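Spelled out, the chains give:
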Amino acid sequence: MYNGELAWIENALDCLYETGKMGNLHWRATYTEEDQKALKLLEQWMREKDLEVVYDDIGNLFGKIEGEQDRIVLTGSHRDTVKNGGKYDGALGIICAIAAAGSLYAELGKPKRSVEVVAFGEEEGSRFLSGYLGSRYFVGQLSDDILQEQDANGIKLTEAIRQAGFSGKGMQKSPQMQDIERFIELHIEQGGVLEQSGEQVGLVTSIVGLLIGKITIEGHQNHAGTTPMHLRKDPVTRAAQFITEMNQWAMAYGEAVTCTFGEIQVFPNKSNVIAGSVSLSFDIRSTSPAVLQEAQTRIKNLQQQEDGFRYTLEFAAPDAPAQMDEDGLKLLEETAKSLHLSYRKMHSGAGHDAEMLAQKIKTNMIFVPSVGGISHSPLEYSKPDDIGRGYLLLKAFLREIAWS
């Protein structure tokens, strides 16, 4: 039985990956043609496993198994990918959840608690500035400001939702939050800790909070050859100075914070022109709310500078650090031991949908190793044996929670 389930998971990963191909690029952003292809496959697989298919008003997809009780165990992950991303991030958690729930239903029949598999939309924030759009909506925290965000083509989130065929109205969703007992998400680690340490699975204890946004620095555009250095207001130089300052600040905290400036755009971006403006993204992560607040203050202080530059700041919705459920963590430990799996209790330096749901319900996460610690890359890979161990732990956990 197990080998057949693992083979199904591997094949499903390959098929879902194909839906995100855009020529030489792989990208499955939510509310796109690639997303629609993925949804058709996920619907098909859910129905094949005898799960009832339901959408909410923003396009989160659910596969439902009705139980003897109203209480619901939710499992799954996100279906979108980053631009030029890999095969496993998000997709693995959905596919393993479909396989586990469907297999348990076939083996044991109707569960005591209802089980729902969810495929959340747009967790990555690769199309719109804010991430976790699906799970944020699910817990009632998708604000009007976020709904007005625009993608690179000027399409508002509200418009993208309607174009994809969803109403985007109030919180009409399935299941209702008050009926959910807990959420469990399986995910690739996206780092090299498990691979280096040799443990087979990771049991997540906490997830970082995120401070994400964009800074635009406007200076004076001018000729590169005729403008003396002391007369320049070069925003590229100012941006480089600020990046260095923030990296030095982050390094002073050791492993307590990460600070990344991953996207830099220079206008007009010509070799013989002193730039008129520079836009740079920032991605700052920590489990400490105080450290995140300090980072935000440092960024906001830019607008108080009287240095001849003009600063425009744009912040995505803030995401607080999240703690995983202690009782669920203990059960995961006991279950891992019963399956003879070595494990490590560990913090997550990446954000996940679990971070949103942990604000409202008992939430836990399982990590499987990532080869080379590589993620958000076409080289992203997790070995079948590692996937299989994570899958067995997820399945055993669901059996204990929903069927026992």
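Further up the page is the structure itself.
Here the structure is a predicted model, which is why all the values come from computation and not from measurement.

Engineer: Just checking my understanding: could you explain unusual backbone geometry for this structure?
Structural biologist: Generally, phi is negative for residues other than glycine and the peptide bonds are trans, each holding for most cases. The linkage connecting F267 with the following residue, P268, adopts the cis geometry, with an omega of 5 degrees. Here P268 lies in the loop between β12 (264-267) and β13 (273-274). We note that Y132 has phi near 55 degrees; this positive angle belongs to a residue other than glycine. Position of Y132 relative to the elements: it lies in the loop between β6 (113-120) and α4 (133-138). Residue classification places Y132 among the buried positions, given a relative accessible area of 4%. In this structure, H340 is a non-glycine residue whose phi angle is positive, near 60 degrees. Inspection of the secondary structure assignment puts H340 in the loop between α10 (326-338) and β17 (343-348).

Engineer: How do you make sense of the packing of helix α3 (residues 91-108) against helix α12 (residues 384-403) when you look at a structure like this?
Structural biologist: When two helices pack together, their arrangement is given by the angle between the helix axes and the distance between those axes. Packing of α3 against α12 brings their axes to within 9 Å, and their N-to-C directions diverge by 50 degrees. Viewed along their axes, α3 and α12 adopt a mutual orientation that is oblique. Of the two possible hands of crossing, α3 and α12 adopt the one that is right-handed. Residue-level inspection shows L92, C96, A97, A99, A100, A101, S103, L104, Y105, E107 and L108 of α3 in contact with α12, the latter providing I387, Y391, L394, K395, L398, R399 and W403. Among the residues making up the contact of α3 with α12, the classes are represented as 14 nonpolar, 1 polar and 3 charged.

Engineer: I tried to follow the packing of aromatic side chains on my own but got confused; where do I start?
Structural biologist: The description of two aromatic rings rests on the distance between their centres and on the angle between their planes. Here the structure, examined in full by the defined rule, presents 11 aromatic pairs. Between F62 and F138 the ring centres are 5.8 Å apart and the planes differ by 35 degrees, which places this aromatic pair in the tilted class. One end of the pair, F62, is in strand β4 (residues 61-65); the other, F138, is in helix α4, and 76 residues separate them in sequence. Take F62: its relative accessible area is 0%, and that puts it in the buried class. Measuring from centroid to centroid gives 5.6 Å for W249 and Y253, while their planes differ by 70 degrees, and the two rings are edge-to-face. The partly exposed category is assigned to Y253, whose relative accessible area is 33%. Grouping aromatic residues by their ring pairs yields a cluster made of F62, F120, F138 and F183. Over the face of the ring belonging to W8 we find K49, whose NZ or CZ atom lies 4.4 Å from the ring centre. Geometry around F315 places K300 over its ring, the cationic atom sitting 5.8 Å from the centre.

Engineer: Just to check I follow, could you spell out the pairing of strand β3 (residues 52-55) for this structure?
Structural biologist: The side chains of a regular strand alternate, first on one face of the sheet and then on the other. Bridge count for β3 against β4 is 4 bridges, and the pairing is antiparallel. Across the sheet, the residue bridging to E52 is K64, located in β4.

Engineer: Would you explain the side chain of R127 in this entry?
Structural biologist: Of note, R127 is situated in the loop between β6 and α4. Look at R127 and you get buried, because its relative accessible area is 13%. Apart from the residues within four sequence positions on either side, R127 is in contact with W27, A29, T30, Y31, T32, E122, Q150, D151, A152, I155 and A160.

Engineer: What is the right way to read the packing of helix α1 (residues 2-18) against helix α2 (residues 33-48) from this model?
Structural biologist: Where α1 meets α2, the axes come as close as 10 Å, and the angle between the chain directions of the two elements is 155 degrees. Classified by the angle their axes make, α1 and α2 are roughly antiparallel. Facing W8, A12, C15 and L16 of α1, the residues of α2 in contact are A38, L41, L42 and W45. A breakdown of the residues in the contact of α1 with α2 according to their chemical character gives 8 nonpolar, no polar and no charged.

Engineer: How should I be thinking about the side chain of D57 in this particular structure?
Structural biologist: Structurally, the position occupied by D57 is in the loop between β3 and β4. Given a relative accessible area of 14%, D57 falls into the buried group. A distance of 3.4 Å separates a polar atom in the side chain of D57 from a polar atom in the side chain of S167.

Each value, and the rule that gives it
- Residues numbered from 1 in each chain as written.
- Predicted model: local features only at pLDDT ≥ 70, side-chain atom pairs only at ≥ 80, totals over all residues.
- Heavy atoms only, no water.
- Helix = DSSP H or I, 4+ residues; strand = E, 2+ residues; numbered from the N terminus.
- Buried < 20%, exposed > 50% of the residue type's maximum accessible area, 1.4 Å probe, protein only.
- Axes fitted to C-alpha atoms, helices over the stretch in contact; angles between N-to-C directions.
- Parallel < 35°, antiparallel > 145°, perpendicular 65-115°, else oblique.
- Left-handed = near helix turned anticlockwise from the far one by under 90°.
- Contact = heavy atoms within 4.5 Å.
- Nonpolar A, V, L, I, M, F, W, Y, C, P; charged D, E, K, R; others polar.
- Phe/Tyr/Trp six-rings, centres within 6.5 Å; stacked < 30°, edge-to-face > 60°.
- Lys NZ or Arg CZ within 6 Å of the ring centre and 35° of its normal.
- Pairing = 2+ DSSP bridges.
- Polar contact = N/O pair within 3.5 Å; in protein donor to acceptor, adjacent residues only side chain to side chain.

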